[in-house]
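# Reading the structure
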Amino acid sequence: MSKRVLIRPHLTEKSYQLQQDGKYTFVVNLKASKPEIRNAVEHRFPGTIVTDIRTMVVPGKRRRQFRQGKMIEGRTSGYKKAIVTLDPDGEQIEISPDM
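Moving on: the sheet that holds strand β6 (residues 79–86). The sheet built from 4 strands is open, its strands ordered β1-β2-β6-β3 with antiparallel pairing. In this open sheet, the two edge strands, each paired with only one partner strand, are β1 (6–9) and β3 (50–58). Along the sheet, successive strands turn relative to each other by an average axial angle of 30°, direction set aside. Where β3 and β6 come together, 8 bridges link them in antiparallel fashion. Bridged to Val58 within β6 is Tyr79. On the sheet, helix α2 (residues 34–44) packs against β1, β2 (23–28), β3 and β6 and is oriented at approximately 120° with respect to β3.

Okay, here's the thing in C-alpha cells:
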C-alpha cells in the first residue's frame with residue numbers, strides 16, 4: 001500500500017463549519033483503514049488526539065463532452081473522505097488550502 005495516507009484536506013463550506021466543533025475532513029487513500037488514518041493524523045500534527053473517525057467513499061460523477069458531433073462519456077475519479085474528530089483537550093489543527 002502507498003505510504004501516503006493523507007492526500008489533502010477537503011475544504012468546503014460544510015467542512016469549515018465542522019472545524020468549529022473540532023472535526024476536520026481529509027481526502028485519504030482509498031485503501032487506508034481507520035487505524036492508519038488515526039496514526040497518520042497524530043504523526044503529521046503532533047500533540048493531537050484523535051477520538052473518532054468516520055469514512056466514506058465518494059463515487060465519481062459522470063461527465064459528457066461533445067466533440068466533432070459525437071458525444072464522449074467519461075467519469076471523474078472517486079475518492080475516500082475521512083472526518084476526524086479531535087479531543088478538545090489536545091492540540092487543534094490549523095488547516096490551510098496549500099497543505
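Turning our attention to the nonpolar core. Counting residues in hydrophobic clusters, the biggest one holds 17 residues, and the most contacted among them are Phe26, Ile37, Val41, Val84, Leu86 and Ile93. For this core, the elements supplying multiple residues, two or more each, are β2, α2, β3 and β6.

Rules and cut-offs
Residues numbered from 1 in each chain as written. Predicted model: local features only at pLDDT ≥ 70, side-chain atom pairs only at ≥ 80, totals over all residues. Heavy atoms only, no water. Pairing = 2+ DSSP bridges. Helix = DSSP H or I, 4+ residues; strand = E, 2+ residues; numbered from the N terminus. Axes fitted to C-alpha atoms, helices over the stretch in contact; angles between N-to-C directions. Contact = heavy atoms within 4.5 Å. Core = buried A, V, L, I, M, F, W, Y, C linked by side-chain atoms within 4.5 Å. Buried < 20%, exposed > 50% of the residue type's maximum accessible area, 1.4 Å probe, protein only.

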